[in-house]
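Here is how the chains run, residue by residue.
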Amino acid sequence: MCDLVSFLVARDPSILAYNRGQLPKIKIQFDSLMESDDNSSASSSSSENKENQKEEDNKFLKVYLRIKGDSEEYKDIYEVNKNSLTCKKSDIIKKNYTFSKIFGPEVNQTEIFNYTAKSKLLSFINGKNSSLLTYGASGSGKTYTIVGTPEEPGLIPRSLEYIFGSITVEQKTPQITPLPDGFVKEIDPQMLFKLESKKAFIIKAIHIDQAAHIKTYKQMQARLSSEPIAEVEYKANASVSVWVCFSEIYNETLYDLLVPHVSKGIARPKLELGKTRDDNTYIKNLTILNVSNGLEAYQILQYGLQNLNYAATAINSHSSRSHCIFTIKLVQSSKNSDEVFISNFSFCDLAGSERLKKTLNLGDRLKESNKINTSLLVLGRCMENIKKCQQIKDRRLIPFRESKLTQLFQKALMGFERLEMIVNINPSRNMYDETIHVLNFSAIAKQIIIEEQLPKVARKRTRFSLLLENKEKDQRGNNCLKVNNVESTLFPKEKQRKKSYNSLNEEYHQLLLEKDSLIEYYEEQIDLEKDRVIEIYKDLLDKRQKRHNDELMRLKEEYERKCANVISISSDESDSEEEEDADEWEENKKNFKSYSRKELIKHIMTLEETLKEATEEGLYLRSEIERYREIYRNSVMQYAKEVEGCENVVFSQ
Ligand SMILES: Nc1ncnc2c1ncn2[C@@H]1O[C@H](COP(=O)(O)OP(=O)(O)OP(=O)(O)O)[C@@H](O)[C@H]1O
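Worth saying up front: this structure is predicted, and the values here are computed from it rather than measured. (Residues numbered from 1 in each chain as written. Predicted model: local features only at pLDDT ≥ 70, side-chain atom pairs only at ≥ 80, totals over all residues. Heavy atoms only, no water.)

### Observations concerning the sheet that holds strand β4 (residues 84–87)
With respect to topology, three strands assemble into an open sheet ordered β3-β4-β5, the strand pairing being antiparallel. The strands lining the two open edges of the sheet, one partner per strand, are β3 (78–81) and β5 (95–98). Across the sheet, the mean angle from the axis of one strand to that of its neighbour is 20°, orientation sign disregarded. Here β3 runs beside β4; their pairing, made up of four bridges, is antiparallel. In the strand pairing of β4, Glu79 is matched with Thr86. Relative to β5, helix α13 (residues 432–445) is tilted by about 45°, and along the sheet it contacts β3, β4 and β5. (Pairing = 2+ DSSP bridges. Helix = DSSP H or I, 4+ residues; strand = E, 2+ residues; numbered from the N terminus. Axes fitted to C-alpha atoms, helices over the stretch in contact; angles between N-to-C directions. Contact = heavy atoms within 4.5 Å.)

And the structure:
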């Protein structure tokens, strides 16, 4: 095996393992590469106080804030004062947060790149590992910051252009390839064929129109070419190659974004995490491809983005449902020795933190949201514990193992590698609660101390020393086996107990996590249900109130009409009666408002009865009057005829 695979250098992928003394010298063409909080050039740091302040600031993890959206709208609720942000939803509750730097909506992609990634790229070319995370609520502009658009390229395309503009990459096929675990391997013809055909396949497989894509890229490149670069001087015998890999953590499972699409119904191959002897976590079997220019790297990035899990949520119509990690690897090797230096620059676009109530997610989306929130919760818990543990100098309590994301960024989070975080916020009023949640998280992150470690001098390895080392390793392995055997015969129960304790402990932590996310889920559901019931109840009350009012109006009109009729019928009754009725009417009118609906109906029925009786009485009286009138007429006519001798009598009406 050792004949075929030459492990030239078995290196710790963390920055500590690289011998910076051996790296190529860097000639910087511009002065203000290192950032300072007031964005002035390095000259401003001349005074001692400023130097100390800068040193103090550099100790902590850099957390930047980027505010998306309209430049005026957010000023109602947020106030930016240099590097601090005040949230003032109400006059009583005000919260204050400070950042390494705040970028308002007016700050463009170039400025963001210059301030955040540029100086780290120099360290990267110098052999240091760096990571840049974007964190924020869904739709707050994380992907825009990291990937951007062809018109407004983000940090990754700019970094690729910057790297390829700064270094001279060997155009010949590289002799060695980096492996996911930080080792390197000599490339044999079979492997070379595999790598080349995979890259060709990916470049061909991009769905978008190739010609249009290349044109857009060239336009972007032309735009970026006006920006300054760092020129690197290499020793004549150094060869440099650039490699990229792209992975995603979806529902707590790792996937390679550079493997071809699998047909529908067939599950994507899952990747596992591995650990090196130096306790570095890496993704096993991850595809790492060599790129010889920015265009190739950009095309591979586009291919990976096509494979990424996106879905529409109520907040963002194109929301990334996974954490995705794009890593650029720089392999620098000397032609005269076996020394190889690898540095990694990882960009991690975290899936948006979400409040379940806002996203209205159900089914698969809900499951995704739970997993996203759980891993972000673990990230927050890790940060909080790192802060505490850094004070008491004990790292055992940090729950890195509880999520894939924290395992992968363990070294960076502990401060052994350069790490920066860009917090994105959407300052609209309806996202206020999410924003506060995100800002609280960033406040914890900002307190993490970067522990500057002394660089280890890398041991120069020869094939002979490797052979010796492997032999030693074999012997150690055998010894270990013997010790293990003795141990297993002497303390089988102890071992068994320890094993089951560990697995129970792991299970317990898993359950705790599930409990947290379930509690959050049910709380959200209860809130939703409560809102829904209140809506229905309010609706019912409104309808009932309206019906009641209509009925009252109708009864009132009917009552007034009937009362008017009764008054007109009884108008010929005596004055005293009239007065009495009028009093009663006034009294009734006064009491009308205090009547209940039932009493009103009863009252009206009584009135109807009275009205009916009065009408009947009136008719009877009228017929009686007619009858008496007839009798009177007949008597008068009889008297006139017999006494007066008159034949005809005319009666006045
Ligand atoms: N600073 C900005 N200027 C202009 N447009 C922006 C800015 N930030 C974000 N956008 C736009 O807002 C929309 C949502 O942004 P983006 O997809 O980057 O959000 P996100 O935080 O990645 O969301 P998710 O976590 O749901 O994927 C996109 O259309 C993007 O182009």
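### Some points on the packing of helix α2 (residues 109–116) against helix α3 (residues 118–125)
In contact at an axis separation of 4 Å, α2 and α3 are set at 45° when each is read in the N-to-C sense. When the axes of α2 and α3 are compared, the pair comes out oblique. Contacts between α2 and α3 pair Phe113, Asn114 and Thr116 from the former with Lys118, Ser119, Lys120 and Leu121 from the latter. In terms of residue class, the contact of α2 with α3 is made up of two nonpolar, three polar and two charged. (Parallel < 35°, antiparallel > 145°, perpendicular 65-115°, else oblique. Nonpolar A, V, L, I, M, F, W, Y, C, P; charged D, E, K, R; others polar.)

### Remarks on the packing of aromatic side chains
This structure, assessed with the given rule, holds eight aromatic pairs. Ring geometry for Phe124 against Phe345: centres 5.7 Å apart, planes inclined by 85°, an arrangement best described as edge-to-face. Residue Phe124 is found in helix α3, and its partner Phe345 is found in strand β20 (residues 340–349); the two are separated by 221 residues along the sequence. Among the residues examined, Phe345 registers a relative accessible area of 0% and is labelled buried. A connected cluster of aromatic rings, assembled from ring pairs, spans Tyr64, Phe103 and Tyr115. The cationic tip of Arg627 hangs over the ring face of Tyr628; the distance from NZ or CZ to the ring centre is 5.1 Å. (Phe/Tyr/Trp six-rings, centres within 6.5 Å; stacked < 30°, edge-to-face > 60°. Buried < 20%, exposed > 50% of the residue type's maximum accessible area, 1.4 Å probe, protein only. Lys NZ or Arg CZ within 6 Å of the ring centre and 35° of its normal.)

### Quick notes on the nonpolar core
Counting 109 residues, the largest nonpolar core has Leu65, Leu85, Val242, Phe326, Ile328, Phe347 and Met421 as its most contacted members. Core analysis: the next-biggest nonpolar cluster, separate from the first, contains six residues, Tyr559, Trp585, Ile604 and Leu607 among them. (Core = buried A, V, L, I, M, F, W, Y, C linked by side-chain atoms within 4.5 Å.)

### What about a negative patch on the surface?
Taken together, the side chains of Glu579, Glu580, Asp583, Glu584, Glu586 and Glu587 define an acidic patch exposed on the protein surface. One can find Asp583 in helix α16 (residues 575–592). Relative accessible area serves as the criterion here: at 53%, Asp583 is assigned to the exposed category. (Patch = residues over 30% accessible without salt bridge, like charges linked within 9 Å, V, L, I, M, F, W, Y side chains within 5 Å. Areas by Shrake-Rupley, 256 points an atom, 1.4 Å probe, with all protein chains shown as cover. Salt bridge = Lys/Arg side-chain N within 4 Å of Asp/Glu carboxyl O. Lys, Arg positive; Asp, Glu negative; His and termini not counted. Charge placed at Lys NZ, Arg CZ, Asp CG, Glu CD.)

### Side note on α3
Summarising burial for α3: eight of the eight residues are buried, a large majority. Taken residue by residue, α3 has Lys118, Ser119, Lys120, Leu121, Leu122, Ser123, Phe124 and Ile125 as its buried positions.

### Concerning α2
Turn by turn, an α-helix covers 3.6 residues, leaving residues three or four places apart pointing in a common direction. For α2, every residue scored as buried is listed here: Gln109, Ile112, Phe113, Tyr115 and Thr116. Between the side-chain oxygen of the N-cap and the backbone nitrogen of Thr110 there are 3.3 Å, and the N-cap of α2 in question is Asn108. (Polar contact = N/O pair within 3.5 Å; in protein donor to acceptor, adjacent residues only side chain to side chain.)

### Remarks on the pattern of salt bridges
This model, assessed by the stated rule, comprises five salt bridges. With a shortest N-O distance of 2.3 Å, Lys120 and Glu420 are connected by a salt bridge. Residue Lys120 is located in helix α3, and its partner Glu420 is located in strand β21 (residues 418–425); the two are separated by 300 residues in the primary sequence. For Lys120, a relative accessible area of 5% puts it in the buried group. A relative accessible area of 1% means that Glu420 is categorised as buried. Residues Arg629 and Glu626 are paired through a salt bridge, measuring 3.3 Å at the closest nitrogen-oxygen approach. Remark: Glu626 and Arg629 occur in helix α17 (residues 597–644); sequence separation between them is three residues, near one turn of the helix. Using a relative accessible area of 39% as the deciding quantity, one classes Arg629 as partly exposed. According to the relative accessible area criterion, Glu626 is partly exposed, its value standing at 42%.

### Here we look at unusual backbone geometry
Phi angles above zero are rare outside glycine, and Lys82 is one such case at about 55°. Topologically, Lys82 is positioned in the loop between β3 and β4. Since its relative accessible area comes to 61%, Lys82 is described here as exposed. Here Asn285, not a glycine, exhibits a phi torsion of approximately 60°, which is positive. Among the residues examined, Asn285 registers a relative accessible area of 67% and is labelled exposed.

### Here we look at the environment of His548
Tracing the sequence through the fold places His548 in helix α15 (residues 492–569). Residue classification places His548 among the partly exposed residues on the basis of a relative accessible area of 37%. Taking the C-alpha atoms as reference, His548 lies 8.8 Å from Arg597; in sequence the two are 49 residues apart.

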